[in-house]
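Chain residues, written in single-letter form:
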Amino acid sequence: MLGSAAARVIMLVAVLGASGPAPVRAKNPTPALLQGGVIEGLVYDSTASQPLAGARVFLWNTSMFATTDDAGHFAIEDVPPGDYSLVFFHPRLTTLGVSSGRTPITVDGDDRVSVALSTPSMITIMNLLCELEDPGQQAGRAIGYVGDASTGVPLPGAQVLLTWMEEASDGREHLGTAQARTDADGWYSICTLPAGLDVQGTAYFFGQQTNSRSFQPPDGLPTRVDFTLGAVQLGSVTGLLRDADGHRPIPDAEVTLTGVDMRVVTDSRGQFRLKDVPPGSYQLETTHLAYADRSDLLEVGAGQDLQVELELATEPIELEPMVVTVESGEELQALAVGGRLISRAQIDEVRARSQDIGDMLRQTNTPGMVVSRGGPTVCVGFRRGQVTMQRRECTPAQVYINDVPTSDPTVAMNLNPEVIDRVILVPPVEAGVLYSTGSAAGVILIYTRAR
């Protein structure tokens, strides 16, 4: 399952094709004003049931993009006629651990093309994580949401317990159990259940218990099982922020409650208040440019108004020099699909110390990557989600050289770094959708200098 907000930093990146209605075309009534077609549409967050503002929508393999407004709308103008792939990027995707995938689209002349893009649903995301946890597993699955019955507020950290009776090898029945905890958005998944048996489920949250639910999970398919708790009392966190030396109030400090994405700024008296906090354990992060950061663990009970008084230590702040960069189409492409770009400048830093691409990738310290060498054979792959890949059991990622798939990825890893212009690393789940068959262990895109 996705786990808590902290666990999501592991970046179990999934890629799912954006779903929505097929593009509908409406002829522009004033084509003479355009130098090309217009692609317009809406980006929708299926997990939150609302438009996605601030999403960047790209045309694959071009530098053309647009940003959605507060209503989730976007428009890319002056698009030359042709066939394209549309992708979008937003921090919400990173939080969810997903990416948008590609949506094919065609522009004819001065057409105005409409398209709807969306994030995958939470059910789809959680089911895909079950697939990653145990590929090919044909057991039943339970996926669902735990929230407050009256307000709909998600209940992070709630425990979901499933039980069933099954026959043991000796012919006697015994009790089977499975359990999970909800993530920061109130979702859980239990990926291995006996198919066809009666399963009883209950959720627990801060001493409260939901009504029991009964269901029969089918073989290899997810069953949605939601739980609600009545009358969950929301709490609050009220605080005062002071200087550790002079005990003076600290205004304009940012106070963040992790896990529920609550953020406030202290007032002129150094005071702050976070309202409507669900019961649970949280990390309170406090930052200010002139002071050292502080982190505190808080336990907020049901209906509790927790009051805290914090002090920040003065610490000189060393500001990094400002660097201005220009995004090229290639860099926008890497950002749009969630892959990690290793640029020519980064390659040049390690080129002299690298005999082959395997050496080069090892020195870039890419999170989640495994580089294994057995004699002249180099294997490069990724750790996928909760599955730990042993170095001796490396499953090679699919390798593309100048967008052409290679027949032997391990041989491609022996290329001389001198001929490499850049590399894009695409993690397994994302690669599985973008590149389909043969990419379950990830994809490595290599572009040579001669290209």
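Residues numbered from 1 in each chain as written. Predicted model: local features only at pLDDT ≥ 70, side-chain atom pairs only at ≥ 80, totals over all residues. Heavy atoms only, no water.

## With respect to the sheet that holds strand β24 (residues 271-277)
A sheet is described by the order of its strands in space; here three strands give the open sequence β24-β21-β27, paired in mixed fashion. Of all the strands in the sheet, just β24 and β27 (305-312) have a single pairing partner and so form its edges. Ignoring which end each strand starts from, the neighbouring axes of this sheet average 20 degrees apart. Pairing between strand β21 (residues 235-243) and β24: five bridges, direction antiparallel. Residue pairing across strands places L240 opposite Q271, the latter belonging to β24. (Pairing = 2+ DSSP bridges. Helix = DSSP H or I, 4+ residues; strand = E, 2+ residues; numbered from the N terminus. Axes fitted to C-alpha atoms, helices over the stretch in contact; angles between N-to-C directions.)

## Details of the pattern of salt bridges
Following the criterion strictly, the structure yields 11 salt bridges and no others. R92 is paired through a salt bridge with D45; the nearest N and O atoms lie 3.3 Å apart. Of this pair, R92 sits in helix α1 (residues 91-96) while D45 sits in strand β3 (residues 37-45); the two residues are 47 residues apart in sequence, bridging distant segments of the chain. On the basis of relative accessibility, which here comes to 3%, the residue D45 falls in the buried class. A cluster of three or more residues bridged by salt bridges with shared partners is formed by D45, R92 and D185. (Salt bridge = Lys/Arg side-chain N within 4 Å of Asp/Glu carboxyl O. Buried < 20%, exposed > 50% of the residue type's maximum accessible area, 1.4 Å probe, protein only.)

## Notes on the sheet that holds strand β34 (residues 443-448)
Spatial strand order, β28-β33-β34-β31-β32: five strands in an open sheet with mixed pairing. The open sheet has two edge strands with one neighbour each: β28 (340-342) and β32 (404-405). Pairing between strand β31 (residues 398-401) and β34: four bridges, direction parallel. Bridge pairing in β34 links Q398 to V443. Lying on the sheet, helix α4 (residues 344-351) is in contact with β28 and β33 (420-426); it crosses β33 at an angle near 110 degrees. (Contact = heavy atoms within 4.5 Å.)

## A closer look at the packing of aromatic side chains
Inspection of the entire model under this criterion finds four aromatic pairs. For the ring pair Y188 and F227, a centre distance of 6.3 Å and an interplane angle of 40 degrees mean the geometry is tilted. Of the two residues, Y188 is situated in strand β15 (residues 187-193) and F227 in strand β20 (residues 227-229); the sequence distance between them amounts to 39 residues. For the pair Y188 and F227, a shared accessibility class is recorded, and that class is buried. One cation-aromatic arrangement involves R102 over W60; the distance from NZ or CZ to the ring centre is 3.7 Å. The lysine or arginine in question, R422, covers the ring of Y447, its NZ or CZ lying 4.0 Å from the ring centre. (Phe/Tyr/Trp six-rings, centres within 6.5 Å; stacked < 30°, edge-to-face > 60°. Lys NZ or Arg CZ within 6 Å of the ring centre and 35° of its normal.)

## As for the confidence of the model for the protein chain
The predicted model of the protein chain averages 77 in pLDDT, with 74% of residues at 70 or higher. A low-confidence stretch, residues 325-337 stays under pLDDT 50, and its non-local contacts, those more than four residues away or across chains, total 32 contacts. Low confidence marks residues 384-392, where pLDDT is under 50. Its contacts with residues over four positions away, or in another chain, come to 22 contacts. (pLDDT = per-residue confidence, 0-100.)

## Let's talk about unusual backbone geometry
Phi at S49 takes a positive value of approximately 55 degrees, unusual for a residue other than glycine. Assignment of secondary structure puts S49 in the loop between β3 and β4 (50-51).

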